[in-house]
Structures are given as C-alpha cells and as structure tokens.
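Close look at the chain arrangement
Here's the letter readout for the chains.
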Amino acid sequence: MTIPTGTDTSQNYANCVSLPPHGSSPSPHRDTRAVTSGRGSHRALTADLSPSTTWSSEGLDDTHRQAVAGRRSKMYSRYTNPTVRLFEEAVADLEGAEDALAFGSGMGALATVVYALCSPGDHIVAQQQLYGGSLAFLAGPVQRMGISVTFVDATEPGAFTRAATTPRTMLVIAETPANPSLALADLDEVGSIGAPFTVVDSTFATPMCQQPLRHGVNISLHSATKGIGGHNDALLGVIAAESDLIDAIWAYSVLHGAAASPYDAHNALRGIRTLGVRQERQCASSLALAEWCAQSGRFSAAHHHGLASHPQHALAARQMSMFGSMLAVELEGGEDACRRFIDALELVRPATSLGGPETLVCHPASSTHFGLDPETLSNSAAAPGLLRLSVGLEHITDLIDDISRALDKSAT
Ligand SMILES: Cc1ncc(COP(=O)(O)O)c(C=O)c1O
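As the structure is a prediction and not an experimental result, all values here were calculated from the model.

A few words on helix α12 (residues 262-273). Compared with the 16 Å implied by 1.5 Å per residue over twelve residues, the 17 Å span of α12 between its first and last C-alpha is a close match. Of all the positions in α12, only P262, D264, A265, N267, A268, L269, G271, I272 and R273 are classed as buried. Those residues of α12 that are buried lie in contact with α2 (30-36), α4 (82-95) and α13 (275-296). For α12, the N-terminal cap is S261; the gap from its side-chain oxygen to the backbone nitrogen of Y263 is 3.1 Å.

And the structure:
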C-alpha cells in the first residue's frame, strides 16, 4: 500500500509506536475482549481519565524530543492523550486491527480520512446509500476541493469495482449496513478493490457484528457516538487499520484538528465493556421486531437483512455474525403518516441518533438526510414514508405493544 506523501509530517510519524500487546493470550471471543481490551498496564479496573490538554517538559530539548516523538509524545492532547489511546487500543483489538485512531465525531473521522488521503484531481467512489452527513460532505465540500466523486448503488454487484478503475481513483467509501435503508455492500468485493484505499463505515454493525478488515478492506470507520459508546454520552469517531496507514492519517489529523475528547473516550470505554451483551440483546430484539412488522401487514415495507425474505439476506449471513440493532419500516401516506405514527408512540422516542439503550425512531427524509438534492435523497433510499428504528434494551413485548398501539391510534 502506498501512503500519500502530500502531508509531509514524516518527522512526527517516523517514530510512532504500534500498540502494546494487550495480554499474553488474547481471548478469541469478542465479547471477552470488549471487557479486557484498552486497559493499559495498571491495576485499576476503570481507565484513568487524563483531562490535561498539555504536559510540561524539562526544558527546550525535552520539548523538542516530545515534538518529534509522534504519537508517543506526551505534550499536547491534539497529538495524543492517554485515555483516548486506551479507547483506540480497545477498538483496534475488537476490529482485529494493528491500530486505531479516534476523532471528535464520526464526521471528523470521515473528513480527516478523505483529506489525509486525497488531493485535488483525485477521484472517490462512494456508495449512494450513506448517512446524510457523509453524503452532504462528499457531494459538497469534497468536490469543491477538486476531488471528484462517483456515487454507486451498493446493492448492484460489481458497481464499486466498475467505478473504481480511473487512474486517479484514490478512495472507495462504503457503508454497510447503510443508514437508513439497511442496504448492504459486499465486503469481499470492496476488500478486493486495489483503489488504493478502501473505507467501510461499519457504524450500524459495530465490531460485534462484522469486521471489514477481515475482508481485505483497508479502513474500518465508526461513529462511536452510536453503538460502540452505546449510552448517548460520547461524541466520537474512530478508524481501525494497519499501523502505517494509521500513522499517515494521524500525521494529517494533528493538522485537521478533529481530536477526540478524553471525557468522551472514557465514557465510550465504559460502553465497550458491555458492548457484547448490549449488541446480543439489541440484535435479537431488532430481528424480532422486524419479523413482527413484516408479518403485521401494517407497514408497506419492513427492511431488515436478517429477514429471510430480504434480497440481501444471503450476503448478510455471509459477512455478519449478528444482523445489527437497526431496522427500517415504510408507511403508506409518506411524511404525514410518519408524523402521526411518531406522535402516537409513548415508549419509543423520536431522536436522530442510534445504538443506545433507548429505542429511537427517526424520519431520515426530514432530519438526518434533510437538505440533500432530490436525486441524492432518492438514491439514498430515505423515502418520505421511511422510518428508521434503533432498537434498544427494552423488553421486546413492550416495544411491540407501543408500536401496535401507535399504529392503531395514528390510523384513526
Ligand atoms: C452511519 C453513520 N456514519 C457516520 C455518522 C456521523 O457520526 P457523528 O454524528 O458521530 O459525527 C453517522 C451519524 O449518524 C452515521 O449514522
């Protein structure tokens, strides 16, 4: 893999260290590793919170040593922070990656990756079914910087490969399962593209349900604000990849400045400890709810790749160990029907985030995907009658009761 040379901060990353080994005999089970990873070497059971932005030095020579020590420096939190580093170590472990790098948000992660790896004149191939913020970024600011973007339908086999053939194609960006349609990209196809860089936004899956790097993908990206943090109290992004690629992106990231907060990293580390059980429960409830929605005959469509009837079910079964905590349903009657249904819900709350303990409902066309041009919006599959549900930790019977009651009430 060739690392772009546009960002000449080699003095900073030449001395970067890889992550320390995280135990002499790591468990093969991810739910165990969620408990054991990112602990550092001390005996406290909770990660130390290091809120300091700045560390003093012994004098000019020591400051210079820190300035050229890359991620090993203990100088300034935009370069590295001990609490953030533990969070990165935990995510790298869960993703089966050599290293990870955290950011102040998922969008911070995406923007940093794009601008670290691409230059004016380069070309990006991106999935047309993406989170609305990612679409807006790729359709607007990225192209303003002279980087062209071709959007492809991820559900069409071979679409990424066919579009990624120009000499200036630098990056392929997929998101699977996609927000909000739950469309899947084939990880084996994306991983086989020598683009030269491939990125998969794996937010909906969390590392518990799929690991893109195992399929040959270069970078696994998450909004850790969602399932990884899992409690709606941490705004974070994170990428996992090989060390040399992380080092190169880190060298740019210190200039871009979307650094992660140690407070958020601390909260997310606590979230990671329960990621295994949370995901197990949320994935099971999401599938049960999708089955109920599909059988109820009350929705015009229920989208969940765990359903045997889903056109991409075989692909989901091949590349995911669990199907995730998200589902999407469609109501005849478009936005008005969605508004009436949301207003009638009592337990399920309207909110735009996902992956936390509370079951949330979101109308993407008027919120997360609002403001996109009509064609981009339509290609993203955020239809006016589509609702996205993030299934939480409540009892499944209570969720079904609430949804059933809301359907009755909103129909009258
Ligand atoms: C799939 C996906 N990727 C990225 C993001 C952006 O993450 P953040 O809100 O942490 O910037 C989101 C936000 O909803 C998302 O759903």
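Our focus in this paragraph is the pairing of strand β1 (residues 99-103). With five of its five residues buried, β1 lies for the most part within the structure. The alternating pattern of β1 places D99, L101 and F103 and A100 and A102 on opposite faces, both of which are buried. The sheet contact formed by β1 and strand β7 (residues 237-241) spans five bridges and is antiparallel. Bridge pairing in β7 links L101 to I239.

Another aspect to go through is the packing of aromatic side chains. As enumerated under the stated definition, the model contains three aromatic pairs in all. Residues Y79 and W250 carry aromatic rings whose centres are separated by 6.0 Å and whose planes lie at 70° to one another, so their mutual orientation is edge-to-face. On the criterion of sequence distance, the pair formed by Y79 in the loop between α3 (60-67) and α4 and W250 in helix α11 (residues 243-256) is long-range, its members being 171 residues apart. For W250, a relative accessible area of 1% corresponds to the buried category. Ring geometry for Y115 and F137: centres 5.6 Å apart, planes at 80°, overall edge-to-face. Of this pair, Y115 sits in helix α5 (residues 106-117) while F137 sits in helix α6 (residues 132-139), and the two are 22 residues apart along the sequence. Here the two residues Y115 and F137 agree in accessibility, since each one is buried.

Direction vectors running N to C along α5 and α11 enclose 105°, while the axes themselves pass 9 Å from each other. Considering the angle they form, α5 stands roughly perpendicular to α11. On the side of α5, the interface is formed by A111, T112, V113, Y115, A116 and L117, while α11 contributes L245, I249, Y252, S253 and H256. Residue composition of the contact of α5 with α11, grouped by class: eight nonpolar, three polar and no charged.

Once that is clear, we can look at the sheet that holds strand β10 (residues 349-350). In space, the five strands of this open sheet follow the order β8-β9-β12-β11-β10, with mixed pairing throughout. Where the open sheet ends on each side, the last strands, each with one partner, are β8 (301-303) and β10. With three bridges connecting them, β8 and strand β9 (residues 326-330) associate as antiparallel partners. Counterpart to A302 in the pairing with β9 is V329.

Looking now at the sheet that holds strand β4 (residues 169-175). Taking strand neighbours across the sheet as the criterion, the seven strands line up as β1-β7-β6-β5-β4-β2-β3 in an open arrangement whose pairing is mixed. Looking at the sheet topology across the chains shown, the edges are occupied by β1 and β3 (148-152). The mean angle between the axes of side-by-side strands here comes to 20°, regardless of whether they run parallel or antiparallel. Helix-sheet contacts for α6 involve β2 (123-127), β3 and β4, and the interaxial angle to β3 is about 140°. Contacts between α11 and the sheet are confined to β1, β5 (197-201), β6 (219-223) and β7, with β1 contributing the most and set at about 25° to the helix.

What follows deals with the site of the ligand. Around the ligand, the structure places 13 residues, and the nearest of them are G106, M107, D201, S223 and T225. In this structure, an oxygen atom belonging to the ligand sits 2.9 Å away from a side-chain N or O atom of N179. Between the ligand and K226 there is a distance of 3.1 Å, counted from an oxygen atom to a side-chain nitrogen or oxygen. Split into classes, the residues belonging to the shell around the ligand amount to four nonpolar, six polar and three charged.

A separate point is unusual backbone geometry. For residues besides glycine, phi is generally negative; the peptide bonds are generally trans as well. Of the consecutive residues T176 and P177, the connecting peptide bond is found in the cis state with omega at -15°. Among the secondary structure elements, P177 is positioned in the loop between β4 and α9 (187-192). Cis geometry marks the peptide bond from A195 to P196, where omega comes out at 20°. Position of P196 relative to the elements: it lies in the loop between α9 and β5. Backbone geometry places T206, a non-glycine residue, at a positive phi of 60°.

Definitions and cut-offs
- Residues numbered from 1 in each chain as written.
- Predicted model: local features only at pLDDT ≥ 70, side-chain atom pairs only at ≥ 80, totals over all residues.
- Heavy atoms only, no water.
- Helix = DSSP H or I, 4+ residues; strand = E, 2+ residues; numbered from the N terminus.
- Expected span 1.5 Å × (residues − 1).
- Buried < 20%, exposed > 50% of the residue type's maximum accessible area, 1.4 Å probe, protein only.
- Contact = heavy atoms within 4.5 Å.
- Polar contact = N/O pair within 3.5 Å; in protein donor to acceptor, adjacent residues only side chain to side chain.
- Pairing = 2+ DSSP bridges.
- Phe/Tyr/Trp six-rings, centres within 6.5 Å; stacked < 30°, edge-to-face > 60°.
- Axes fitted to C-alpha atoms, helices over the stretch in contact; angles between N-to-C directions.
- Parallel < 35°, antiparallel > 145°, perpendicular 65-115°, else oblique.
- Nonpolar A, V, L, I, M, F, W, Y, C, P; charged D, E, K, R; others polar.
- Near = heavy atom within 4 Å.

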